[in-house]
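Report on the structure
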Amino acid sequence: MSYLKFERALMTNLEEALPRELLRTNRSGAYSCSTIVDCNTRKYHGLLVVPVPELDDENHVLLSSLDATVIQHGAAFNLGLHKYQGNNYSPKGHKYIREFDCGRVPTTIYRVGGVILKREIVFQHYEDRILIRYTLVDAHSLTTLRLRPFLAFRSVRQFTHENMVANRDYQLVDKGIKTCMYAGYPELYMQLSKTNEFKYQPDWYRDITYPKEQERGYASNEDLYVPGYFEMNIRKGESIVFAASTSEIKTSALKALFDEEVNERTPRDNFFHCLINAAHQFHIHEKNGDRYILAGYPWFKCRARDMFIALPGLTLSIEEQDYFELVMKTAQRGLTEFMEGKPLTVKIYEMEQPDVPLWVIWCLQQYAKEAGTEKCLKRYGGLMERLIKFIENGKHPNLKVMENGLVYTDGRETAVTWMNSTVNGKPVIPRTGYIVEFNALWYNALKFCSAMADLSGNKKDAAHFEQLAQHCKQSFVDVFLNEYGYLFDYVDGNMMDWSVRPNMIFAVALDYSPLAQEQKKSVLDVCTRELLTPKGLRSLSPKSGGYNPMYTGPQTQRDYAYHQGTAWPWLGGFYMEACLKLYKRTRQSFIERQMVGYEDEMNQHCLGTIPELFDGNPPFNGRGAISFAMNVAEILRTLELLERYNFNSGEETK
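A brief structural summary. Only a predicted model underlies this, so the values are computations on that prediction, with no experimental measurement involved. (Residues numbered from 1 in each chain as written. Predicted model: local features only at pLDDT ≥ 70, side-chain atom pairs only at ≥ 80, totals over all residues. Heavy atoms only, no water.)

**Quick word on the sheet that holds strand 15 (residues 176-179)**
One open sheet accounts for nine strands, arranged 1-9-10-11-12-19-16-15-14; its pairing is antiparallel. A single partner strand is all that each edge strand has here, and the edge strands are strand 1 (5-7) and strand 14 (170-173). Taking each pair of neighbouring strands and ignoring which way they run, the sheet shows an average axis angle of 15°. Here strand 10 (residues 107-112) runs beside strand 11 (residues 115-123); their pairing, made up of six bridges, is antiparallel. Bridge pairing links Ile 109 to Lys 118 in strand 11. (Pairing = 2+ DSSP bridges. Helix = DSSP H or I, 4+ residues; strand = E, 2+ residues; numbered from the N terminus. Axes fitted to C-alpha atoms, helices over the stretch in contact; angles between N-to-C directions.)

Here you go:
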């Protein structure tokens, strides 16, 4: 029984099928994304979506979709599905779907009378090439297959409309054609493994509508260009592979290439394997050898904070230490350039954010647990020392060590934390001054670097870092701990933010905490009572002013709700780590139940992965980006933590 399988009743019910999306990537920045019934509902959806660095820094939809038509006895049955204005769907090919299975590769079974057609899709690793295999499982008479491509050639943030500028020319290539609608774009090669006839029949399909954009308050209509269609006969038992790519391929190799790509896939046959597949989708492998972690799909880039938070879970927790080291090799170059005031040669955004160096040290701390402190010291000891001294010596543009030993950040006019939503250029939550997680991370970094310096024999630095840590520890309690047993979110002069927010959980979850045991328990109890949901921690307590848990509506409405009560799984990961640290085996079953809440998401939203955030109130609907790196990472890290705990002794085993 497949873990991700849907029967006819769900597939033919658009209310159930359309919210379920499917994502495939090539691990080099390109992706393919749509719904499980192949009806695009976002402007970000497309069968072949690729970066075009010659144009800009965005992804671009080249091939929007590919409609397959089965022809028998002169009767044509179109298996495609598009939404047009006025809530009209055409040609309603979903009614022919008998089942959909996403176990190894996305597989759709269609039945038209006595014809049974199977369609499978893979995205070739490290190439901008989507492969679709059509297999005629059963037929009782001559059957013809017609494939009609819908072209967009536009940025994922824009729309295309019928125009006179679009180039309609095409050239024949090996068993297919190549075409390019606009100057500056790469050629789109569409080829098949079988000899076929391309019938040139240029036309625009007008007013295709994307309902997800309507929900978000954006424009939602566009026109797509169809240059014609490919047509060929297909025999019972025969398979034909269609390839769409930015480069030509020998069509004689298509069938073998498809099999090879299928064999490399990890079956999505359980929760853990789904998360591993999701983790790999965030990999970015540049041609120059640089490696990155993408923050999420379909609209995020590689962001520094997200990358360092997600990296341990996406690599170390699934025994992929090599990829961790490759990403850190690229990141270390960027960090060095940033500290030296040089232009960045890496594609990592928001490197200047003040907590990034602190998350880097936390990230390397997790590496030390997996690879050993000796190896961590050898590889990254110098980097960590430079980061600490960069901050201590006042070199960071927006992170200063004050006389009380705490770090101070100015966030009044610019969003500087992960709570980064803005309206009219101003942060919705202007967290500024002494920020609670910054200082928890600072204390943790000082203690860890002190231990590493001691290990290296550098007693002077070890003692210095320890002295800074002790100064920070006392001030942390004095500044942040309030009379109600939880921590202020930020403090700036006489301004103390009493809002109950999840950022205080880091002071409990990190390996080195400035809090005493009873203080940690008190903070955890408040988080449990007011912030915990089945989908992570709320970004704001329902008891605090401004609680707004529903991430819906137009952009501004969503920006105001983004961190005002929505639930975030990655925060839940740190919460569960805090539970294990404080209560050990007594919280094992509780954490396993929390994991069930995430496993339920595997066949919802985007199959096999975790979305960006959830509403803070029941039924806790998934929202935002369809796949989010930090969430997948922290769930994987929590699963690893559960395994690493020896519940007989109640202690974590390293």
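From this point, the discussion proceeds with the structure in view.
**Some remarks on the packing of aromatic side chains**
Summed over all chains, the structure comprises 37 aromatic pairs. Relative to Trp 498, the ring of Tyr 484 has its centre 6.0 Å away and its plane inclined at 70°; by these criteria the two rings are edge-to-face. Of this pair, Tyr 484 sits in the loop between helix 11 (459-480) and strand 28 (490-492) while Trp 498 sits in the loop between strand 29 (495-496) and helix 12 (506-509), and the two are 14 residues apart along the sequence. The exposed category is assigned to Tyr 484, whose relative accessible area is 57%. (Phe/Tyr/Trp six-rings, centres within 6.5 Å; stacked < 30°, edge-to-face > 60°. Buried < 20%, exposed > 50% of the residue type's maximum accessible area, 1.4 Å probe, protein only.)

**Some details on a nonpolar patch on the surface**
Residues Tyr 484, Met 496 and Trp 498 make up a contiguous nonpolar surface patch of about 330 Å² in total accessible area. On the basis of relative accessibility, which here comes to 36%, the residue Trp 498 falls in the partly exposed class. (Patch = residues over 30% accessible without salt bridge, like charges linked within 9 Å, V, L, I, M, F, W, Y side chains within 5 Å. Areas by Shrake-Rupley, 256 points an atom, 1.4 Å probe, with all protein chains shown as cover. Salt bridge = Lys/Arg side-chain N within 4 Å of Asp/Glu carboxyl O.)

**Quick notes on the side chain of His 45**
Its place among the elements puts His 45 in the loop between strand 3 (31-35) and strand 4 (46-51). There is a polar contact of 2.9 Å between the side chain of His 45 and the backbone nitrogen of Thr 41. Filtering out sequence-adjacent residues up to four positions away, His 45 remains in contact with Glu 21, Cys 33, Ser 34, Thr 35, Asn 40 and Val 61. (Polar contact = N/O pair within 3.5 Å; in protein donor to acceptor, adjacent residues only side chain to side chain. Contact = heavy atoms within 4.5 Å.)

**Re the pairing of strand 13 (residues 143-155)**
Within a regular strand, side chains alternate between the sheet's two faces. Of all the 13 residues making up strand 13, 13 are buried; the element is thus mostly covered by neighbouring parts of the structure. Here six bridges tie strand 13 to strand 18 (residues 221-234), and the two strands are oriented antiparallel to one another. Bridge pairing in strand 18 places Thr 144 opposite Asn 233.

**Quick look at the pattern of salt bridges**
Pairs may arise between side chains of opposite charge once their charged atoms sit close together. Applying the stated rule across the entire model yields 43 salt bridges. The closest approach of N and O atoms between Lys 389 and Asp 461, which form a salt bridge, is 3.3 Å. Of this pair, Lys 389 sits in helix 9 (residues 373-392) while Asp 461 sits in helix 11, and the two are 72 residues apart along the sequence. Judged by its relative accessible area of 9%, Asp 461 falls in the buried class. The residue Asp 489 makes a salt bridge to Arg 431 at a minimum N-O spacing of 2.7 Å. Highlighted residues: Asp 489 in the loop between helix 11 and strand 28 and Arg 431 in the loop between strand 26 (426-427) and strand 27 (434-435), separated in sequence by 58 residues. For Asp 489, a relative accessible area of 2% corresponds to the buried category. Given the relative accessible area of 1%, Arg 431 is considered buried. Each of Lys 369, Asp 511, Glu 577, Lys 581, Glu 634 and Arg 637 takes part in a single network of salt bridges with overlapping partners.

**Overview of helix 10 (residues 436-456)**
Taking 1.5 Å per residue as the helical rise, helix 10 with its 21 residues ought to reach 30 Å, and the 30 Å between its terminal C-alpha atoms agrees with that figure. Taken across its 21 residues, helix 10 has 17 buried, putting it largely inside the fold. Remark: Gly 457 follows helix 10 within two positions and exhibits a positive phi of approximately 90°. (Expected span 1.5 Å × (residues − 1).)

**What to know about the side chain of Asn 196**
Mapped onto the elements of the fold, Asn 196 is located in the loop between strand 16 (188-192) and strand 17 (197-209). Looking at Asn 196, its side chain comes within polar contact range of the main-chain oxygen of Lys 175, at 3.2 Å. Contact partners of Asn 196, with chain neighbours within four places excluded, come to Lys 175, Phe 230, Glu 231 and Met 232.

**Here's the deal with helix 4 (residues 254-263)**
Listed in full, the buried residues belonging to helix 4 are Leu 254, Leu 257, Phe 258, Glu 261 and Val 262. Down the axis of helix 4, the buried set is contained in an arc of 135°. They therefore lie on one face. Buried residues in helix 4 make contact with strand 11, strand 12 (129-138), strand 16 and strand 19 (239-245). (Arc of directions from axis to C-beta.)

**A few points about the sheet that holds strand 28**
Strands sit in the order 27-28-29 across an open sheet of three strands; the sheet is antiparallel. Taken across any chain shown, the strands that pair with only one partner, and hence form the sheet edges, are strand 27 and strand 29. Relative to strand 29, strand 28 runs antiparallel, the two being bridged by two bridges. In the sheet register, Asp 492 faces strand 29, and the bridge partner there is Met 495.

**Here we look at the nonpolar core**
Judged by nonpolar contacts, the single largest core of 221 residues is most densely connected at Leu 147, Phe 242, Ile 293, Phe 308, Leu 314, Phe 480 and Tyr 575. For this core, the element with the most residues is helix 10, which contributes 12 residues. Excluding residues that lie within four positions of it along the chain, Tyr 575 makes contacts with Ile 505, Leu 524, Cys 527, Thr 528, Leu 532, Leu 537 and Phe 590. Ranked by size, the runner-up nonpolar core spans 10 residues in total, among them Val 105, Ile 249, Leu 254 and Leu 257. (Core = buried A, V, L, I, M, F, W, Y, C linked by side-chain atoms within 4.5 Å.)

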